[in-house]
Amino acid sequence: MHTHLDSLPHAYPFRMLDKVVELSEGVGIGIKNFSAGDFFSPGCGGLDSIVPDFMVIEAMAQLSGLILNFGEDRAKSAFLVQIKTLRFLKSVCVADTVKIFSVMEDNFGPLAGFSVKAVVGTVNVAVGELIMARV
Amino acid sequence: MEKLKLAIKEMLVSRLKLDMSPEDIKDDTPLFGEGLSLDSIDALEVVVGLRKEFNCVIADRSLAEKILVDVSSIASYIEESSKA
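Residues numbered from 1 in each chain as written. Chains lettered and ligands numbered in written order. Predicted model: local features only at pLDDT ≥ 70, side-chain atom pairs only at ≥ 80, totals over all residues. Heavy atoms only, no water.

A. View of the packing of helix α1 (residues 2-16) of chain B against helix α4 (residues 71-83) of chain B. All names here are of chain B. The geometry of α1 relative to α4 is characterised by a closest axis approach of 9 Å and an angle of 115° between their N-to-C directions. When you trace α1 past α4, the crossing you get is right-handed. Every residue of α4 that contacts α1 at L4, K5, I8, K9 and L12 is listed here: V71, S72, I74, A75, I78 and E79. When grouped by side-chain class, the residues that make up the contact of α1 with α4 number seven nonpolar, one polar and three charged. (Axes fitted to C-alpha atoms, helices over the stretch in contact; angles between N-to-C directions. Helix = DSSP H or I, 4+ residues; strand = E, 2+ residues; numbered from the N terminus. Left-handed = near helix turned anticlockwise from the far one by under 90°. Contact = heavy atoms within 4.5 Å. Nonpolar A, V, L, I, M, F, W, Y, C, P; charged D, E, K, R; others polar.)

B. Region of interest: the packing of aromatic side chains. Residue and element names in this part refer to chain A. Enumeration over the complete set of coordinates arrives at zero aromatic pairs over all chains. Lying across the ring of F34, K32 places its NZ or CZ 5.5 Å from the centre. For K117, the ring lying beneath its charged end belongs to F101, and the centroid distance is 5.0 Å. (Phe/Tyr/Trp six-rings, centres within 6.5 Å; stacked < 30°, edge-to-face > 60°. Lys NZ or Arg CZ within 6 Å of the ring centre and 35° of its normal.)

C. Structural context of the pattern of salt bridges. Scanning the model with the defined rule gives ten salt bridges over all chains in all. Close ionic contact of E65 of chain B with R61 of chain B constitutes a salt bridge, the shortest N to O distance being 3.8 Å. Linking E65 of chain B with R61 of chain B, this pair stays in helix α3 (residues 61-67), spanning four residues, or about one helical turn. The exposure class assigned to E65 of chain B is exposed, which follows from its relative accessible area of 56%. Judged by relative accessible area, R61 of chain B falls into the partly exposed class, the value being 42%. Connected through shared salt-bridge partners, K84 of chain A together with R15, E45 and E53 of chain B make up one network. (Salt bridge = Lys/Arg side-chain N within 4 Å of Asp/Glu carboxyl O. Buried < 20%, exposed > 50% of the residue type's maximum accessible area, 1.4 Å probe, protein only.)

As structure tokens, then:
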């Protein structure tokens, strides 16, 4: 059975989504469970250590890429080309479950703009805007 | 029309973080290639700026290629769109 995650070209240790909760026209919600088993965890130093911010950005980009390819007969490559704005409001810790939200706000030619948000529990940990390109 | 052109120039400088003042941009300075040398990411930003600041929608790439030539062509399109 094909799942949305099967459309991601990424594999361990660089697949930053564990589950896609919702994927529809222009909208997606994904989950990433950071854990001590992640490849970078030994370097972070324990379960209360901080996940590097770029991991969260990558999760946002991978989800946005899935949205970009939604409905396509043939999955095209999607690349992150610009981080327009991104604010990290709270650190993400190893052992956090992060819910990623992405909404396509603009779609023009090969480029699309997304509003993205990462949430742990009920707390926003990161908000911003990304530009993705389809190739 | 002159006020509109200045507003467009201000939008370009602000959204694209151009290192120049709006008055430095001539009405016929090309946006792409020689001129402002904008790229495709800038083009998306201009399309978004026109929608948000001028309520002007550019629906597709082929239309964008005709409109996003210089400030004059953008201003003409905004005026025509507002009359329609």
